[in-house]
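A closer look at the structure
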Amino acid sequence: MRKLIFILASCFYTLGILAQDYTQYVKPMVGTGGHGHTFPGAVVPFGMVQLSPDTRNDGSWDGCGGYHYSDSLIYGFSHTHLSGTGVSDYGDILLMPMMGASSHDPKKHSSKFSHKSEKASPGYYAVKLNDDNINVELTVTRRIGFHKYTFNKAGKANIIIDLNHRDKLIEGNIKPSSNNKTVEGFRKSEGWAKEQIVYFRIEFSKPYIDGDRTNVQSFDGHPNTNLTIGGNWNFNVKKGESIYVKVSISSVDYEGAKKNMEAELPHWDFEKVKKEAAAAWNKELSKIEVKTKNITDKENFYTALYHCMIHPSINSDVDMRYRGNDLKIHQGKHDHYTVFSLWDTFRGLHPLFTIIEQKRTNDFINSFLAMYNEFGLMPMWELAGNETYCMIGYHSASVIADALLKGINNFDTLAALNALIKSSNIEKFGIKKYAQKGYLSVEDEPESVSKTLEYAYDDWCIAQIAKTAGKQNIYSEYMRRSKNWINLYDPQSGNMRPRFNGGWYSPFDAKEVNNHFTEANSWQYSFFVPQNIAGLIQESGGEKKFEEKLDELFTTDSKTSGREQADITGLIGQYAQGNEPSHHMAYLYNYVNAPQKTEKLVSKILHDLYKPKPDGLCGNEDCGQMSAWYVLSSMGFYPVTPGMPQYAIGTCLFDTVEINLENGKTFLIKTLRDKPGDFYVGSVSLSTNQFQSQLTTLHHEDIMGGGIFQMNLTSDPGKSTFGKRKNLLGAMQKLVAAPVINAEMIFKDSTTVKIETDNILNKTYYSVNNEPYKIYQKYFSLKNTSSIKTFVVRGQDSSALSEGTFYKMKHPDWKVSYNYKYNKQYTAGGDEALMDGIKGDENWRKGFWQGFQGKDVEITLDLGKETNIGSFGVSVLQDTRAWIVYPKKVEFFVSADGANFKPAANVINVIAADSMDSQKQILSVIPLLPIKARFVKIVLQQYGKLPDWHPGKGGDSFIFIDEIEVK
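Below you will find a few notes about this structure. Note that this is a predicted model, so its numbers are computed, not measured.

1. Notes on the overall build of the chain
Within the chain one finds 17 helices and 58 strands. Over its C-alpha trace the chain gives a radius of gyration of 31 Å, about what one expects of a compact globule, namely 30 Å for 967 residues. Overall, the C-alpha framework of the chain stretches about 95 × 75 × 50 Å when taken along its three principal axes. By residue count, 61% of the 967 residues in the chain fall in the buried class. Residue pairs at least 24 apart in sequence account for 70% of intrachain contacts in the chain once pairs closer than 6 positions are excluded. A total of about 36,600 Å² of accessible surface is found on the chain, and carbon and sulfur atoms cover 49% of it. Computing the positive centroid from 108 side-chain charges and the negative centroid from 109, the chain places the two 1 Å apart.

What follows is the structure, encoded as structure tokens:
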């Protein structure tokens, strides 16, 4: 009897939750303005279809989601969209209803619209197309888009199918059926995902009269880069008549699209599907129930939770088949997912999923392992069965470690460990060099600081997995690698700083945004050591010094230097809430006995940088990470170190938060405030069935076990008894950093070499030109080109190796001058770089090229005396995607006095600007007649404005130059 009463009570409780309409608080328009890059259309949680209006038919940055609130034209409604990314893709299978004559020109099959006619709620979108007086309504199932077009005047209507929309179309086909109600087809396109394949099945609620197709090509494996594939299906309509259109998609084949249609939408009841979509959202959103009288906070919360549940997206059909990362068809045993923006989402979104989406977390990780088996690499930024190689790190390690340490383990742990070991030792992105050397220098790899720091964190995550699997040797090796961050910590500035040629890179400005960091500057990476916060505090000089450094981060001038980086937004000092590397930093005060500063900052960010309006996000949504920060922080905690099953405590916005867990338990967060708006934490406690305790940190098992977590909030930080989280990460022995070699890299006669270490107890060893190592005692000189290797030993520990090569100039008497200075981001080390004998490779981000933008370049060489000249040459680079284009031509002039120049020779570039791969060449020429001169002037003609086909059309191209050769 008691069991029956319990079951009935549970049922009534569940019905009570689902009876509440959480969707009323969701505002899908949030993030569609500003730089949020979201879309407002219809999607169900983690659905394959994201059916949304497209107001952008190009790859513009603020149009990455296909829609921007500032636009006034709709080009149609496509079935796949990305939520908040920084690169454009998707927009597959665009439909557009029209009246009168049809057109396959997107400029002609567009319509004006007004935001006044738009309605958007979870699983539903509606708008009026003003040009043709058509009302459009959209809803979805997991794999099907359902359209309702209501024609407000009688006449001939047509529905456009456009396969050319947005991405480059490689192949495609449209096949009508004999019943005039069904159309099948496929689209193979190239965008961010290099080879994306979508099959589709379209069913109309009434037969079409006739239709036409344009340039249909069968799927025969022979790409045509000039395809225009579309269809137009005509109907006679009465005033007020509605036509319904169902579109199912599959990455597998026609049969997959058909099965998806039959299984998910065998009827034509639009309202039923709309209600089911809303119910699906209410079921997911009910996993966290917040109570507050502040409606704005409630709207922010449920909109954020909604954005957390769009990606990853299911990528398998109803029969569990999917197209894998080898582009072959596989039969899955679980839901297979795609869209893994791991550089963003490992920080907060996936840790949130370990609380409210445990089954899906297992499916995500099993999807990772399937990708590894198909492609040989764990995902970095996976999209539609393609590895985009976007962003940095091997952060699938973080997702797996975080899940495993929290008891989510329905996957093959040893297989995951072996896959991660391989992925952490590949040749790409400097990973192999990092593993061998212990850090990356500027000359090794672009974004060397960010990559070193993130690789070191991922190595720590691999170590945790190895420890769980009982692999002690692997654990020890990867814990050693996890300490590599120390090699980039500059104790003088207290910042993470790029290394170059064995020393520090100079000049150094912590606010400068450059190619040594990923979408950031030194300030925004100097606190990224989540695996060893205690060690970072120790290296910084202790808790007080570290707190002062954090204060400086949040209070210094917000202006950055260097290149413009659109991702660096939401600035508080140099903290950037709009980009992910900063997301844990406000919580670091907890580790230095200053939690009140965390509480104040978190409260400020929650209230100032999240608003329930189109431009209410301070940066890209990034597939849920921006919103996950809000969801977690507004509940009162945040995972500073994913892979460690505990959370730093912040401050809770709400009166109560109920987290309804998959294990059937409920974790209740309860706040008691002295008065409304209080956010300082006076004390916290946890009550369970077993005990009540005072907490210094919140453990994952505390949440999963249920119970009541109470926060007593006050307006006076002085009243707090809530102290430091002691021993969160454990004390550590002071790390041994690689020594620093100080010397001129390019010298004329000789250079003095000094080797510096961070501790007087270090014993330093060095070798010149691979001679036997000697103990370093004092500075020494080099008179010829030489290489140096050095390391230090302290007790039983030794550092990573520092290496540098120092060059004696080939032409010490030569002097160079410019008609204007190279871009300060692309200096190659200064004026002498053009004649130092060191040649840059195709990877210009390493910093060995000088960059000039906007106007022709004139460089004058003074050879010091009259010289017989047999040939001229200049090394140039092209990477058109990055705006770097070969000069149209190079002219060489000579002079005896440096004032009067005459033409000597010229060379025309013959490689087209649309040859997109990064490449270099030497534009050289032998003059027809012998030449004797002291001065040589080289004039390089800019390509000019970038053409219409370029994403940066209208922008000024760069010329990149390295070595000048005069023989």
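2. Topic: the sheet that holds strand β43 (residues 751-756)
Spatially, the three strands line up as an open sheet ordered β41-β43-β46, and their pairing is antiparallel. Of all strands in the sheet, those with a lone pairing partner are β41 (740-742) and β46 (780-782), marking the two edges. Ignoring which end each strand starts from, the neighbouring axes of this sheet average 35 degrees apart.

3. Side note on empty space enclosed by the protein
What the rule picks out here adds up to seven cavities of 30 Å³ or more. Taken as a whole, the largest cavity encloses approximately 200 Å³ of empty space. For the largest cavity, the lining is made up of 19 residues, of which Tyr-90, Gln-196, Val-198, Ser-251 and Asn-315 are closest to its centre. When contributions to the lining of the largest cavity are tallied by element, the ones reaching two or more residues are β13 (196-204), β16 (242-250) and β18 (313-314). Considered class by class, the residues forming the lining of the largest cavity number eight nonpolar, nine polar and two charged. For the second largest cavity, the calculated volume is near 90 Å³. Contributing to the lining of the second largest cavity are 13 residues, with Phe-346, Arg-347, Phe-528, His-584 and Val-640 lying nearest its centre. The class makeup of the residues in the lining of the second largest cavity is nine nonpolar, two polar and two charged.

4. As for the side chain of Ser-482
With respect to the secondary-structure elements, Ser-482 resides in the loop between α12 (472-481) and β25 (489-490). When sequence neighbours within four positions are dropped, the list of residues in contact with Ser-482 reads Ala-456, Asp-459, Trp-460 and Gln-531.

5. Comments concerning helix α15 (residues 595-608)
Since the α-helix turns once every 3.6 residues, residues separated by three or four places project in the same direction. Over its 14 residues, α15 extends 20 Å from the first C-alpha to the last, a length consistent with the 20 Å expected when each residue adds 1.5 Å. Among the residues of α15, those classed as buried are Pro-595, Gln-596, Thr-598, Glu-599, Leu-601, Val-602, Ser-603, Ile-605 and Leu-606. Contacts from the buried residues of α15 go to α14 (543-555), β31 (571-572), β32 (575-576), α16 (625-635), β34 (646-649) and β37 (680-687).

6. Points about the nonpolar core
Judged by nonpolar contacts, the single largest core of 202 residues is most densely connected at Phe-77, Ile-288, Phe-301, Phe-554, Met-635, Phe-637 and Ile-659. Here this core gets 11 residues from one element, more than from any other, and that element is helix α11 (residues 448-468). Setting aside its immediate chain neighbours within four residues, Phe-301 contacts Ile-288, Val-290, Tyr-630, Val-631, Ser-634, Met-635 and Phe-654. One finds Trp-814, Ile-869, Val-874 and Leu-940 within the second-largest nonpolar core, a separate group that totals 33 residues.

7. Topic: the sheet that holds strand β58 (residues 958-966)
The strand order across the open sheet built from four strands is β51-β58-β53-β56, with neighbouring strands paired in antiparallel fashion. In this open sheet, the two edge strands, each paired with only one partner strand, are β51 (850-853) and β56 (919-925). Each neighbouring strand pair of the sheet contributes to a mean axis angle of 35 degrees, computed without reference to strand direction. In terms of strand pairing, β51 meets β58 through four bridges, oriented antiparallel.

8. Considering the pattern of salt bridges
In total, this model carries 40 salt bridges according to the counting rule given. A salt bridge links Asp-831 to Lys-821, with the shortest nitrogen-to-oxygen separation between them at 2.9 Å. Of this pair, Asp-831 sits in the loop between β50 (815-818) and β51 while Lys-821 sits in the loop between β50 and β51, placing them 10 residues apart in sequence. Given the relative accessible area of 25%, Asp-831 is considered partly exposed. Relative accessible area serves as the criterion here: at 49%, Lys-821 is assigned to the partly exposed category. Members of the salt-bridge network, linked through shared partners, are Lys-175, Glu-184, Arg-201, Glu-203 and Lys-246.

9. Description of the packing of α11 against α12
A pair of packed helices can be characterised by two numbers: the angle between their axes and the separation between those axes. At their nearest, the axes of α11 and α12 sit 8 Å apart, and the two run at 160 degrees to each other. Here α11 lies roughly antiparallel to α12, going by the angle between them. As for how α11 packs across α12, the hand of that crossing is left-handed. On α12, the residues that touch Ala-456, Asp-459, Trp-460, Ile-462, Ala-463, Gln-464, Ala-466 and Lys-467 of α11 are Ile-474, Tyr-475, Tyr-478, Met-479 and Arg-481. Across the contact of α11 with α12, the residue classes break down as nine nonpolar, one polar and three charged.

10. Describing the environment of Cys-308
Note that Cys-308 resides in helix α4 (residues 295-308). Take Cys-308: its relative accessible area is 1%, and that puts it in the buried class. Sequence separation between Cys-308 and Gly-348 is 40 residues, and the spatial gap between their C-alpha atoms is 10.0 Å.

11. Remarks on the pairing of strand β53 (residues 872-878)
Here β53 lies mainly inside the structure; seven of its seven residues are buried. Here seven bridges tie β53 to β56, and the two strands are oriented antiparallel to one another. Among the inter-strand pairings, Val-874 is bridged to a residue of β56, identified as Leu-923. In this structure, β53 lies alongside β58, joined through five bridges in antiparallel fashion. Note that in β58 the partner of Val-876 across the bridge is Ile-961.

12. Notes on α4
End to end, α4 covers 20 Å across 14 residues, agreeing with the expected 20 Å (1.5 Å per residue, within 8%). Within α4, 12 of the 14 residues are buried, leaving the element largely enclosed by the surrounding structure. Within the sequence span of α4, burial applies to Asp-297, Lys-298, Glu-299, Asn-300, Phe-301, Tyr-302, Thr-303, Ala-304, Leu-305, Tyr-306, His-307 and Cys-308. Here the buried face of α4 lies against α3 (270-285), β17 (288-291), α6 (349-356), α15 and α16.

13. Quick notes on the environment of Arg-323
Counting through the fold element by element, Arg-323 comes out in strand β19 (residues 321-323). Arg-323 sits in the buried class, given a relative accessible area of 12%. Linking Arg-323 and Pro-642, residues 319 residues apart in sequence, is a C-alpha distance of 30 Å. With near-sequence residues (within four places) excluded, Arg-323 lies in contact with Ile-197, Tyr-199, Ser-251, Val-252, Asn-315, Lys-328, Ile-329 and Gly-385. A polar contact of 2.6 Å, which involves the side chain of Arg-323, links it to the backbone oxygen of Ser-251. From its side chain, Arg-323 meets the backbone oxygen of Val-252 in a polar contact 3.0 Å long.

14. Overview of the packing of aromatic side chains
In the structure shown here, the tally under the stated rule is 59 aromatic pairs. Arranged with centres 4.9 Å apart and planes meeting at 20 degrees, the rings of Phe-872 and Phe-892 form a pair that is stacked. Of this pair, Phe-872 sits in strand β53 while Phe-892 sits in strand β54 (residues 889-895), placing them 20 residues apart in sequence. Comparing Phe-872 with Phe-892, the two get one shared label, buried.

15. Side note on unusual backbone geometry
Leaving glycine out, the prevailing phi sign among residues is negative, and the prevailing peptide bond configuration is trans. With an omega of 0 degrees, the peptide bond between His-311 and Pro-312 qualifies as cis. For Pro-312, the location among the structural elements is in the loop between α4 and β18. In this structure, the amide linkage connecting Ser-506 to the following residue, Pro-507, adopts the cis form with an omega of -5 degrees. Following the sequence through the fold, Pro-507 ends up in the loop between β28 (503-504) and β29 (512-513). One non-glycine residue with positive phi stands out, namely Asn-593, at about 60 degrees. Relative to the elements of secondary structure, Asn-593 occurs in the loop between β32 and α15. Its relative accessible area of 47% is what places Asn-593 among the partly exposed residues.

16. Here we look at the pairing of strand β4 (residues 94-99)
Across the six residues that make up β4, a large majority, six, are buried. Along β4, one buried face is formed by Leu-94, Met-96 and Met-98 and the opposite face, lined by Leu-95, Pro-97 and Met-99, is buried too. With six bridges connecting them, β4 and strand β10 (residues 155-162) associate as antiparallel partners. The partner of Met-98 across the bridge, within β10, is Asn-158.

What counts and how
Residues numbered from 1 in each chain as written. Predicted model: local features only at pLDDT ≥ 70, side-chain atom pairs only at ≥ 80, totals over all residues. Heavy atoms only, no water. Helix = DSSP H or I, 4+ residues; strand = E, 2+ residues; numbered from the N terminus. Rg over C-alpha atoms; globule rule 2.2 N^0.38 Å. Buried < 20%, exposed > 50% of the residue type's maximum accessible area, 1.4 Å probe, protein only. Contact = heavy atoms within 4.5 Å. Areas by Shrake-Rupley, 256 points an atom, 1.4 Å probe, with all protein chains shown as cover. Lys, Arg positive; Asp, Glu negative; His and termini not counted. Charge placed at Lys NZ, Arg CZ, Asp CG, Glu CD. Pairing = 2+ DSSP bridges. Axes fitted to C-alpha atoms, helices over the stretch in contact; angles between N-to-C directions. 1 Å grid on protein atoms, 1.4 Å probe; cavity = no way out; pocket = protein on both sides within 12 Å on 5 of 7 lines; lining within 4 Å. Points joined across faces, edges and corners; volume = space filled by probe spheres on them. Nonpolar A, V, L, I, M, F, W, Y, C, P; charged D, E, K, R; others polar. Expected span 1.5 Å × (residues − 1). Core = buried A, V, L, I, M, F, W, Y, C linked by side-chain atoms within 4.5 Å. Salt bridge = Lys/Arg side-chain N within 4 Å of Asp/Glu carboxyl O. Parallel < 35°, antiparallel > 145°, perpendicular 65-115°, else oblique. Left-handed = near helix turned anticlockwise from the far one by under 90°. Polar contact = N/O pair within 3.5 Å; in protein donor to acceptor, adjacent residues only side chain to side chain. Phe/Tyr/Trp six-rings, centres within 6.5 Å; stacked < 30°, edge-to-face > 60°.

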